[in-house]
Amino acid sequence: MKKQIQILINGKKIKAQEGDTIYEVAKRNNIEIPLLCFHPDLEIKANCRICAVELAEKRDLVASCSTRVKEGMEIITDSLKVKKARKINLELIFAQHKEECVDCVWRFNCQLLKLAKKYDVIINRFKDRKTRFPIYQFKNAIIFDSGKCIDCRNCVEVCHKQGVDFLELEEKKHLFHIVPSEKLNRDCVYCGQCIVHCPVGAFEGVGEFEDIEKPLKEKDKIVVAQFAPSIRTSLGEEFGLPYGEVVTGKITAALRKLGFNKVFDTSVGADFTTSEESKEVVERIKNNSLLPVLTSCCPAWVKFIEFFYPEFVPNLTTAKSPQSMLGGLIKTYWAKKENIDPKKIIVVSIMPCVAKKYEVEREEQLFDGLKPVDYILTTRELARLIMKNEIDFKKLKSENLDSAFGEPSGAGVIYGASGGVMESAFRTTYFRLTGKELKKVDFEEVRGIQGIKKAEVKIGPNCHKIAVVNGLGNAKKLLEEIKANPKEKYTCIEVMACPGGCIGGGGQPMPCYPEIRQKRAESLYDIDSKKKLRKAHENPIVKKIYSEFLDKDEKLRRSILHTYYHKKEKEGFTILDLNNK
Ligand code: SF4
Ligand code: SF4
Ligand code: SF4
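The paragraphs below set out a description of the structure included in this document.

Cut-offs and rules
Residues numbered from 1 in each chain as written. Chains lettered and ligands numbered in written order. Predicted model: local features only at pLDDT ≥ 70, side-chain atom pairs only at ≥ 80, totals over all residues. Heavy atoms only, no water. Core = buried A, V, L, I, M, F, W, Y, C linked by side-chain atoms within 4.5 Å. Buried < 20%, exposed > 50% of the residue type's maximum accessible area, 1.4 Å probe, protein only. Helix = DSSP H or I, 4+ residues; strand = E, 2+ residues; numbered from the N terminus. Contact = heavy atoms within 4.5 Å. Near = heavy atom within 4 Å. Nonpolar A, V, L, I, M, F, W, Y, C, P; charged D, E, K, R; others polar. Pairing = 2+ DSSP bridges. Axes fitted to C-alpha atoms, helices over the stretch in contact; angles between N-to-C directions. Phe/Tyr/Trp six-rings, centres within 6.5 Å; stacked < 30°, edge-to-face > 60°. Parallel < 35°, antiparallel > 145°, perpendicular 65-115°, else oblique. Left-handed = near helix turned anticlockwise from the far one by under 90°.

## Some remarks on the nonpolar core
No. 1: Ranked by size, the top nonpolar core spans 137 residues in total, and within it F138, F203, L235, L255, W301, F393 and F405 carry the most contacts.
No. 2: Among the elements that line this core, the one with the most residues is helix α10 (residues 322-338), at seven residues.
No. 3: Ignoring sequence-local partners within four residues, the contact set of F405 consists of F264, V268, L326, L329, I330, Y333, W334, I541 and I545.
No. 4: Ranked by size, the runner-up nonpolar core spans 22 residues in total, among them I7, I9, A16 and L55.

Written as structure tokens, this is what we have:
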């Protein structure tokens, strides 16, 4: 139990707990202190010094995010000295940061610009020192404009936390550079966590929202949208709606207004993924081979295995991800039904994820020479497209999905949160192994934000050890644990690269803090709990498509619903603007 102490903030007596930071105590008491580089997922580094406050006794300035309170401490948060220091710190930050506000990922919510206004900062008082710094691209997924960097080091830390260490800090001519690693054993996995942890928008996903404007206008193209489970509880934030508000019907309406010919729900694709994945789980349990089964619907995790742990590649399920399965079914089953040439269909997936941009370009995803999905828009990109087209999202009336792929089960919707894939797989695997329906479908042990969740599930006479992991650093820990102790046998392991799963994905609205992720996840579980249909294998549209189409041609079923993986060599990066080097 922490010791209670008393301090003074701006002359007001305040009770605090020993060990708390000044910032924490101020926040609890509604005393405003600005922050910039602080992110609750990361260590406190106190690099930007925007949160400076004054200690009355010594008239010292300290960073409130890292300074701990002591009995009798007297703190001033708004003295002239404090204001001056914040203003100078901001000017120095602007001297490093190349302002390109129009295209910035933070453009509607930029803390740096808000602070500049508040402290009357002349943002171009000093010449930008990094205008000639390079812009890097990591495959077709991430752009990193190092000229915008303000040296907070959040990206280096988060990339390290992900167990990847692709970003490194270099000092050249008294300036710090964040650089992608040249080392052969380091490579990006495109999780996009550097994007959501950079306070100044130096990282962003490779933009595709302008590329789809042309096909949307072409009369001979059928442009079909599908949107991921987690989008429905996050997109609203971009339009000022409360965190976690469910906007499924508004998304459908917005996509139609943008000109999409059809709108489907990727959660139905998740029901197909569960169907195929649980068949693999059952088969491997029966044959006692290739255990633990490793889930494979997160492309950043797949790349992590292929590059860092290729010895585990055979353990990955071959079932494609939900968007890939649904994309494939749109271009085959639906195209045939509607008598449309699949080459005329453009499938656009709205995803919480930048790694999905990488996934759809993998040749291992092709079937019959066709890509299941043609473009990926992140949640942020869809918001941008909606704003660009002046659609008043808040006022949109909810619309229903197009009917060809029906409605998803609740199990398909919870794919968006860490644990959802496992919960869905076990609702169906239980039925497949025992022939009986699971009565209590809620699998609380695998829910929540902890990095590694372990549980034992009883199915028939056997007990199965399972693990659910979010964050690749945690996955690395678990894989090392398994390698060190091969006797510890898991049946199945779910890994999602992002904190909390896709609700914390690199393409999601920002900021993306733990309490926001929690609200997004709670809303997904709420949708599931209110549904009658909560198991993938009970979904009538899934049953229908298997019996009418997929079960009739095994080769076709495998090509649409399955893929393969293999060891990957370093894919590295390119420098976009050589003249700026
Ligand atoms: S790129 Fe962004 S997150 Fe990385 S050090 Fe620079 S400012 Fe910080
Ligand atoms: S996308 Fe992920 S792996 Fe790649 S640099 Fe960013 S944090 Fe590191
Ligand atoms: S957890 Fe989800 S959002 Fe994050 S990389 Fe994986 S699939 Fe993408």
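## Some points on the site of ligand 3
No. 1: With respect to spatial proximity, the complete set of residues near ligand 3 consists of C298, P299, A300, P352, C353, M496, A497, C498, G501, C502 and G505.
No. 2: Counted by class, the shell around ligand 3 contains nine nonpolar, two polar and no charged residues.

## A closer look at the site of ligand 1
No. 1: Near ligand 1 there are 14 residues, and of these C149, C152, R153, C155 and C198 occur at the shortest range.
No. 2: Its residues assigned to classes, the shell around ligand 1 comprises eleven nonpolar, one polar and two charged.

## A few points about the sheet that holds strand β4 (residues 60-63)
Strand-to-strand pairing in sheets goes through backbone hydrogen bonds, with the strands running parallel or antiparallel.
No. 1: Spatial strand order, β2-β1-β5-β3-β4: five strands in an open sheet with mixed pairing. Strands with a single pairing partner mark the edges of an open sheet, and in this sheet they are β2 (12-17) and β4. Along the sheet, successive strands turn relative to each other by an average axial angle of 40°, direction set aside.
No. 2: Direction of pairing for strand β1 (residues 4-9) relative to strand β5 (residues 74-76): parallel, over a ladder of two bridges. Note that in β5 the partner of I9 across the bridge is I75.

## A closer look at the packing of aromatic side chains
No. 1: Tallying each qualifying case throughout the model produces 18 aromatic pairs.
No. 2: Note on Y190 and Y358: the rings are 4.5 Å apart at their centroids and 35° apart in plane angle, and the pair reads as tilted. Of the two residues, Y190 sits in the loop between β9 (175-180) and α5 (193-197) while Y358 sits in helix α11 (residues 355-361), which places them 168 residues apart along the sequence. Taken as a pair, Y190 and Y358 share a single burial class, namely buried.
No. 3: Between F239 and F393 the ring centres are 4.5 Å apart and the planes differ by 20°, which places this aromatic pair in the stacked class. Separated by 154 residues along the polypeptide, F239 in the loop between β11 (222-227) and α7 (248-258) and F393 in the loop between α12 (379-388) and α13 (410-413) bring together distant segments of the chain.

## Quick look at the packing of helix α9 (residues 299-308) against helix α15 (residues 472-484)
No. 1: Running from N to C, α9 and α15 cross one another at 40°; their axes reach a closest spacing of 11 Å. In this view, α9 runs oblique relative to α15, as classed from their interaxial angle. Our pair here, α9 against α15, has a crossing hand that is right-handed. Counting all contacts with α9, which are made through A300, W301, F304 and I305, the residues of α15 involved are L472, A475, K476 and L479.

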